[in-house]
Amino acid sequence: MAVVSVLLPLPLPEAFDYVVPPELTLGLGDVVEVPLGQNLRIGVVWAVKPDSDGSNLKPVKSRFASPPFSHALRQFIDFAARYLVTPPGQVLAMVLRQPEALGPGPFERLAVATGLRPDKLNEARTRILECALKPIPRAALAKAAGVGSGIVTALLKLGALEEIERPVDLPFGTPDPTLPARPLSEMQADAAYMIAKAASAGGFSPFLLDGVTGSGKTEVYLEAVAQALIARPDEQVLILLPEIALTQAIVARFEQRFGAAPAQWHSDIGAAQKRRTWREVAAGRARIVIGARSALFLPFAKLSMILVDEEHDGSFKQDDGLRYHARDMAVARAKFEQATIVLGSATPSMETRLNADAGRYQRLLLPSRYGVALLPDVSLIDLKESPPERDQWLSPVLVQAMAETLEQREQVLLFLNRRGYAPVVLCRKCGHRMKAPDTESWLVEHKYSNRLVCHLTGFSMRKPDACPNCGAEDGLVSVGPGVERIAAETTERFPDARIEIFSSDTAHNPQAVRELVARMEKGEIDILIGTQIVAKGHNFPNLTLVGVVDADLGLKGGDPRAGERTYQMLSQVAGRAGRADRPGRALIQTHYPDNEALQALVMGDRDAFIEAESLGRAAVGAPPFGRMAAMHIMAQTDEAVDAAAQAASDALFPADGVEVWGPAPPPLAMIRGWRRRRFLIQSSKEVDLSAFMAAWRSGFRVPGSVRVSIDMDPYSFL
Ligand code: ADP
């Protein structure tokens, strides 16, 4: 009797055994349906035991038509589970997200003209037959011909139309890599050649594509993909992007280059599109896939190349549910797939740089912008020396530069990574700060919607007229600026300028983002005021001045990557200026002009900053020179969370090269009523920190009402 172990997409410690009924033959990776308790569940065959005693086991119910999971995908799932200290079923759940894509799938009924002409051919009938020369859904046919559906039915009966069934999920167009490409610069061509050579040879080969903003990394990607498609005609390519708002521009460039739209995978495509993408990816027919981080978990039949654009970007880290870093997991997946992987950035992460320095990744350099464009000139505005006027946020130096730019009929971008009007509202009588009721965070004032909003949980309330603490009327004041407040100040100073805010509040979906970007590109906006959403990827040829309102925002807090992140963010923002033939400049307002990250931006000396940052981190063994993990304990009451944290603490055991701090309340000590305690764990590189965490976690139990979550390589320290 054959027995199979089936992994289920549930947080269970291991796969369950089932007996294979005589009518089924099952192999590794097959997607099957099995009984679990009262229900049927979808799972994947993880092991096959040919001659076993299955007499006590329940039988597998059925096998899906979907192709089996590849060996590489199964290995990747096991690896990710072990690395992230999570049950493998939880990683599998990331892959099995479209159960509807497993079966033969929905079909639609279409009508098509048979060529038979009925005797009575009036005008309406003729129109219908003309519209049905190619198969068309019945409802759409009546509509297209502008007639009632009764006439369609009549023509079907007469045999002038026939009905056919077609799967709803059509294959994606086949990309044609031989279409003419733009001529590449020598540097671009060299980089593309190296990647293409590796892709043709096959095997795991990781690259860092280190190219300044505007150097044309996308052109390199396009050429590398073209070569990979030619060299490996049955294999697939995945492009991972940090922001779905950026996908449309890239999708359009791929479509232009290859004459067919690539498959997409991100939260903004509907369920039907996801089903189609999943099915076509699993079948190996979708050859180019562009997606956000979770596209990494698609069931590629054979993946030959992964491109991770803006690899340094923090949004590749997922911080709820399965906590993973899509860049790091992409490298792991490429290893199992024996694929080429390219990590592209103008400001590579320290992790990736270290790998390139050590020779683990091959480094490809694009040190200058494409064409005549030059990198912008960056200077600092010391806010102590030229402070803004009272209750204003733009220093006279920046205002002057804005006036000059507008006079030249060029565009200005003001950057402030803070949504809303003011980050804090407090009572000037009693000092009370407006706080979310169940979360340890200040409420942000939004003037346009006239609400106080918690950006963490989405809680919002009308701004009260009186202080809820002391009752003082008109006591509440807005402290500090958000983009709305900067827009108000800018409007006052430049009443004739066309001013827009670009944040997730004003551009809440990709369509709105596209529209705003298009208006900026067309020159319909003079001053754009934006949060980090403006920093990435966009090309505004007439933008020549970037003003950073507060460079100091990201420098505070206990995050070991604060300096690096500030540097990356600001050089991305500054990189929006002067991308075409007009030179650009960036003015950065700060109270700390001596800060190393800011000095490096001014000097254009990225490597000096990285050098200093490396020394600092290496000295304390911080990532990437050491490993880090976090363990969060969460419960609904202080007593419960403290008791569980104590249990975790008691289960700790000494291990060489591992240091543990905590438990302590993190800055966000409560979210949605969940009290939080945190351990931070740091180890040397040689330690298998995942194994340590797994051993520790298995050494204590907590009540069902307590949550314990482990975050390997944490990026958030809130
Ligand atoms: P990056 O992603 O490195 O910031 P992009 O790929 O967006 O840069 O390219 C910057 C600009 O230069 C774009 O407008 C792009 O169309 C243009 N460009 C880059 N390479 C070429 C090329 N080989 N031929 C024509 N235009 C190019």
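Our structure is the block above this text.
Residues numbered from 1 in each chain as written. Predicted model: local features only at pLDDT ≥ 70, side-chain atom pairs only at ≥ 80, totals over all residues. Heavy atoms only, no water.

### Looking at the site of the ligand
- Surveying the vicinity of the ligand reveals 16 residues, the closest of which are Arg182, Pro183, Gln188, Gly214 and Lys217.
- At a separation of 3.3 Å, an oxygen atom of the ligand approaches a polar side-chain atom of Asn539.
- When the free accessible area of the ligand is taken as 560 Å², the share hidden by the protein chains comes to 82%.
- Considering each element in turn, the shell around the ligand owes the most residues, three residues, to helix 7 (residues 217-231).
- Partitioning the shell around the ligand into residue classes produces four nonpolar, seven polar and five charged. (Near = heavy atom within 4 Å. Polar contact = N/O pair within 3.5 Å; in protein donor to acceptor, adjacent residues only side chain to side chain. Areas by Shrake-Rupley, 256 points an atom, 1.4 Å probe, with all protein chains shown as cover. Helix = DSSP H or I, 4+ residues; strand = E, 2+ residues; numbered from the N terminus. Nonpolar A, V, L, I, M, F, W, Y, C, P; charged D, E, K, R; others polar.)

### Let's talk about the sheet that holds strand 13 (residues 303-309)
- Strands sit in the order 11-12-10-13-16-9-17 across an open sheet of seven strands; the sheet is parallel. Bordering the open sheet on either side are strand 11 (263-265) and strand 17 (362-366), each of which pairs with just one other strand. The mean angle between the axes of side-by-side strands here comes to 20°, regardless of whether they run parallel or antiparallel.
- Direction of pairing for strand 9 (residues 205-211) relative to strand 17: parallel, over a ladder of five bridges. Along strand 17, the bridge assignment pairs Gly211 with Leu366.
- The strands touched by helix 6 (residues 186-201) are strand 9, strand 13, strand 16 (340-345) and strand 17; relative to strand 17, the strand with the most contacts, the crossing angle is about 155°.
- Lying on the sheet, helix 8 (residues 247-258) is in contact with strand 10 (236-240), strand 11, strand 12 (288-291) and strand 13; it crosses strand 12 at an angle near 165°. (Pairing = 2+ DSSP bridges. Axes fitted to C-alpha atoms, helices over the stretch in contact; angles between N-to-C directions. Contact = heavy atoms within 4.5 Å.)

### Some words on the pattern of salt bridges
- Counting across every chain of the model gives 43 salt bridges.
- One salt bridge connects Asp465 with Arg462, and the closest N-O pair in it is separated by 3.9 Å.
- Overall, the relative accessible area of 54% leaves Asp465 in the exposed class.
- Note that Arg677 and Asp638 form a salt bridge whose closest N and O atoms lie 3.4 Å from each other. On the criterion of sequence distance, the pair formed by Arg677 in strand 32 (residues 674-684) and Asp638 in helix 18 (residues 638-650) is long-range, its members being 39 residues apart.
- Residue classification places Arg677 among the buried positions, given a relative accessible area of 11%.
- What makes Asp638 partly exposed here is its relative accessible area of 36%. (Salt bridge = Lys/Arg side-chain N within 4 Å of Asp/Glu carboxyl O. Buried < 20%, exposed > 50% of the residue type's maximum accessible area, 1.4 Å probe, protein only.)

### With respect to the packing of aromatic side chains
- Tallied over the entire structure, the rule returns nine aromatic pairs.
- When the centroid spacing of 5.9 Å and the interplanar angle of 40° are considered together, the rings of Phe76 and Phe297 count as tilted. Of the two residues, Phe76 is situated in helix 1 (residues 71-84) and Phe297 in the loop between strand 12 and strand 13; the sequence distance between them amounts to 221 residues.
- The class of Phe76 is buried, set by a relative accessible area of 0%.
- Residues Tyr567 and Phe609 carry aromatic rings whose centres are separated by 4.9 Å and whose planes lie at 25° to one another, so their mutual orientation is stacked. (Phe/Tyr/Trp six-rings, centres within 6.5 Å; stacked < 30°, edge-to-face > 60°.)

### Quick word on the sheet that holds strand 6 (residues 107-113)
- The three strands are arranged 7-6-8 in an open sheet whose pairing can be described as antiparallel. The open sheet has two edge strands, strand 7 (136-137) and strand 8 (161-167), and neither has a second partner.
- Sheet topology note: the strand 6/strand 7 ladder contains two bridges and is antiparallel. Pairing of Ala111 across the sheet is with Ile136, part of strand 7.

### Things to note about helix 15 (residues 562-574)
- Its 13 residues place the ends of helix 15 18 Å apart at the C-alpha level, agreeing with the 18 Å of an ideal helix rising 1.5 Å per residue.
- When you tally the buried positions in helix 15, you get 11 out of 13 residues, the bulk of the element.
- What helix 15 keeps buried is the set Ala562, Gly563, Glu564, Thr566, Tyr567, Gln568, Leu570, Ser571, Gln572, Val573 and Ala574. (Expected span 1.5 Å × (residues − 1).)

### Side note on the pairing of strand 6
- The pairing of strand 6 with strand 8 spans seven bridges and is antiparallel. Paired with Ala111 across the two strands is Glu163, which belongs to strand 8.

### What about the environment of Thr457?
- Following the sequence through the fold, Thr457 ends up in the loop between strand 22 (451-453) and strand 23 (460-462).
- Placed 425 residues apart in sequence, Thr457 and Val32 show a C-alpha to C-alpha distance of 38 Å.
- Apart from the residues within four sequence positions on either side, Thr457 is in contact with Thr439, Ile671 and Arg672.
- Here Phe459 takes part through its backbone nitrogen, which lies 3.2 Å from a polar atom of the side chain of Thr457.

### Re the pairing of strand 29 (residues 626-635)
- Here strand 29 lies mainly inside the structure; nine of its 10 residues are buried.
- Across 10 bridges, strand 29 lies against strand 32 in antiparallel orientation. From the neighbouring strand, His632 faces strand 32, where its bridge partner is Arg678.
- Alignment of strand 29 against strand 33 (residues 707-712), held across six bridges, turns out to be antiparallel. By the bridge assignment, His632 is partnered in strand 33 with Ser709.

### A closer look at the packing of helix 1 against helix 10 (residues 326-337)
- For the pair helix 1 and helix 10, the least separation of the axes is 9 Å and the interaxial angle reads 145°. Like other packed secondary-structure pairs, helix 1 and helix 10 cross with a definite hand, here right-handed. Across the interface between the two elements, Ala72, Leu73, Gln75, Phe76, Phe79, Ala80, Tyr83 and Leu84 from helix 1 touch Met329, Ala332, Arg333, Phe336 and Glu337 from helix 10.
- Considering only residue class, the contact of helix 1 with helix 10 consists of 10 nonpolar, one polar and two charged. (Left-handed = near helix turned anticlockwise from the far one by under 90°.)

### What to know about unusual backbone geometry
- Residue Pro624 is reached from Pro623 by a cis peptide bond, and omega for that bond is 5°.
- Mapped onto the fold, Pro624 is located in the loop between helix 17 (606-620) and strand 29.
- Residue Pro663 follows Gly662 across a cis peptide bond; omega there is 10°.
- Structurally, the position occupied by Pro663 is in strand 30 (residues 658-664).
- Within the chain, Val85 stands out as a residue other than glycine whose phi angle is a positive 55°.
- Position of Val85 among the secondary structure elements: in the loop between helix 1 and helix 2 (88-95).
- Within the chain, Gln338 stands out as a residue other than glycine whose phi angle is a positive 55°.
- Taking the relative accessible area as the measure of exposure, Gln338 reaches 47% and is therefore partly exposed.

### Observations concerning the state of the cysteines
- Counted under the stated rule, the structure contains zero disulfides.
- In this structure Cys427 is a free cysteine whose sulfur lies 3.7 Å from that of Cys467, the closest cysteine sulfur available.
- Counting only cysteine sulfurs, Cys427 is the nearest neighbor of Cys470, a cysteine outside any disulfide, at a range of 3.7 Å. (Disulfide = S-S within 2.5 Å.)

### Comments concerning the side chain of Arg257
- Looking at where Arg257 falls in the secondary structure, it is placed in helix 8.
- Dropping the residues within four chain positions of it, Arg257 is found in contact with Asp176, Pro177, Leu179, Ala181, Leu222, Glu223 and Ala226.

### A word on the packing of helix 1 against helix 2
- Running from N to C, helix 1 and helix 2 point in directions that differ by 130°, and their axes come no closer than 8 Å. The pairing of helix 1 with helix 2 is recorded here as oblique in orientation. Between helix 1 and helix 2 lies a crossing of right-handed hand. Within the contact between the two elements, helix 1 uses Leu73, Ile77, Asp78, Ala80 and Ala81 and helix 2 uses Pro88, Val91, Leu92 and Val95. (Parallel < 35°, antiparallel > 145°, perpendicular 65-115°, else oblique.)

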